[in-house]
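Structural description and commentary
Here is what each chain is made of, one letter per residue.
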Amino acid sequence: MKPQLRSLLGISQLTTGQIEAILALARRMDLKRPPQLLRNRHVALLFYEASTRTRISFEFAAKALGATTTQVTPTSSSIEKGESLIDTGWTVANVGADAIVMRHPNSGAAYLLARYVHVPIVNAGDGMHQHPSQALLDALTITNHKKKLQGLRVVIVGDVYHSRVARSNAELLTRFGVDVVFCGPPDFVPEIAATLAPGVTACHDLNIALQGADVVMALRVQKERLVNKQLSVEEYIAEYQVTPLRMRLAKPDAILMHPGPVIRGMEVTSEVADGPQSCIHEQVRNGVKTRMAILATVLGAA
Ligand code: CP
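A few points on the structure. (Residues numbered from 1 in each chain as written. Predicted model: local features only at pLDDT ≥ 70, side-chain atom pairs only at ≥ 80, totals over all residues. Heavy atoms only, no water.)

Quick word on the sheet that holds strand S4 (residues 121–126)
Across a sheet, paired strands are connected by hydrogen bonds in the backbone, their directions being either parallel or antiparallel. Our working rule: Think of it this way: DSSP has to see at least two bridges between two strands before they count as a pair. In DSSP terms, a helix is any run of H or I states spanning at least four residues, a strand is any run of E spanning at least two, and both are numbered starting from the N terminus. Between the N-to-C directions of two axes lies an angle of 0 to 180 degrees, each axis being a line fitted to C-alpha atoms and, for a helix, fitted only over the stretch in contact. Any two residues whose heavy atoms approach within 4.5 Å at even a single point are treated as in contact.
The strand order S2-S1-S3-S4 describes an open sheet built from four strands, whose pairing is parallel. Two strands lie at the open edges of the sheet, namely strand S2 (68–72) and S4, each paired on one side alone. In this sheet, adjacent strand axes meet at a mean angle of 15° when their direction is disregarded. Direction of pairing for strand S3 (residues 99–104) relative to S4: parallel, over a ladder of four bridges. Its bridge partner lying in S4, Ile-100 is registered against Ile-121. Set on the sheet, helix H3 (residues 85–94) makes contact with strand S1 (42–47), S2 and S3; between it and S3 the angle comes to about 155°.

Structure (structure tokens):
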């Protein structure tokens, strides 16, 4: 294992040992009686972009471990007056934050801040680039249902091109021998997507991709991104929406995942999102445990 993890910026920085250690710690987190590992520590939540699940679960995770939290958002801070990311990060660290959890619309923003501030940075999503805590909680969810990751077929369907969730998941899962299939129209799944990691393939036919799938992971598709693309919204739904009929093409014990927010009737039908194979609520619950493990790890309390 590498020396102690200081910041969590992306999946590629982690060894498999570090991933396994975070998942093992997450499994041990007792939400009813959480260990007070972060008492007297302060966690700042610096969110330049909207978030429900990630922001709230990092906040719950920090508080459950005994830390205090502070929210910093563009509309309620001097970011609105034009203060730069680095000056904002310095300020947050110098007032006493022990760690900064950060979401930003620009790819690489968390990496940049980590070079300038003296406290750990946890990337809570940077542009189209990385969402490492999501990939870790998704791995935890999959391993709750499957004996091992090796040999699984995980189909990630939707707007892969713009998706930090797809990138982080594919990087993590292929490290453990998972076959990842990116599926969507060519604009959302260009052939080059298959070069992201060994073990990734691209497929533009969902009915083929789903055959033998162990996990079906639908991604959010923003309707405006279909404008001027090859498909209309109606055509996207007809070809790529995950429906009960399509779920039958996957293995009978396949699970359905979605990082949220779910746009019902677009990426998935409500029947699938609320159906017996859906793990969407479990993903959210696992988000708290996983983020507890991440915060304890980067703050040296694990
Ligand atoms: N999955 C995810 O990142 O959701 P939020 O944007 O609500 O945090």
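What to know about a nonpolar patch on the surface
Rules: Surface patches are drawn from residues lacking salt bridges whose relative accessible area is over 30%; two like charges belong together within 9 Å, two nonpolar side chains (Val, Leu, Ile, Met, Phe, Trp, Tyr) within 5 Å. For every accessible area listed, the method is Shrake-Rupley and the probe measures 1.4 Å; residues are considered covered only by the protein chains on display. Whenever a carboxyl oxygen of Asp or Glu lies within 4 Å of a side-chain nitrogen of Lys or Arg, that contact is scored as a salt bridge.
On the surface, Trp-90, Leu-112 and Tyr-116 cluster together into a nonpolar patch covering about 270 Å² of accessible area. Structurally, Leu-112 is set in helix H4 (residues 109–116).

Here's the deal with the layout of surface pockets
What counts is decided by this rule: Two kinds of site are reported from a 1 Å grid over the protein atoms alone, namely cavities, where a 1.4 Å probe fits but cannot get out, and pockets, open sets with protein on both sides within 12 Å along at least five of seven lines, and residues are called lining when an atom falls within 4 Å of a point. Grid points are joined across faces, edges and corners, and a volume is the space filled by probe spheres set on the points. Under the scheme applied, nonpolar residues are Ala, Val, Leu, Ile, Met, Phe, Trp, Tyr, Cys and Pro; charged residues are Asp, Glu, Lys and Arg; polar residues are all the others, including Gly. Note: domain ranges come from an automatic or database domain assignment.
Considering only enclosed or pocket space, the largest pocket measures out at about 590 Å³ in volume. Around the largest pocket, the lining is made up of 25 residues, and of these Arg-103, Arg-164, Arg-220, Gly-260 and Pro-261 lie nearest the centre. Elements represented by at least two residues in the lining of the largest pocket include exactly helix H2 (53–64) and helix H6 (164–175). By residue class, the composition of the lining of the largest pocket is eight nonpolar, 10 polar and seven charged. Residue assignment places the lining of the largest pocket across two domains, with domain 1 (11–130 + 287–298) and domain 2 (132–283) each supplying three or more.

Side note on the site of the ligand
For clarity, the threshold we go by: For this description, a residue counts as near a given molecule or strand if any of its non-hydrogen atoms is within 4 Å of it. Think of a polar contact as two N or O atoms within 3.5 Å of one another; within protein, one of them needs to be a possible hydrogen donor and the other a possible acceptor, and neighboring residues in sequence only count if both atoms come from side chains.
Near the ligand, the surroundings consist of Ser-51, Thr-52, Arg-53, Thr-54, Arg-103, His-131, Gln-134, Pro-259 and Gly-260. One of the backbone N or O atoms of Thr-52 is found 2.8 Å from an oxygen atom in the ligand. Gly-260 places a polar main-chain atom, nitrogen or oxygen, 3.3 Å from a nitrogen atom of the ligand. When the ligand sits alone it has 260 Å² of accessible area, and the protein chains cover 92% of it.

Just distances and angles here, no functional claims.
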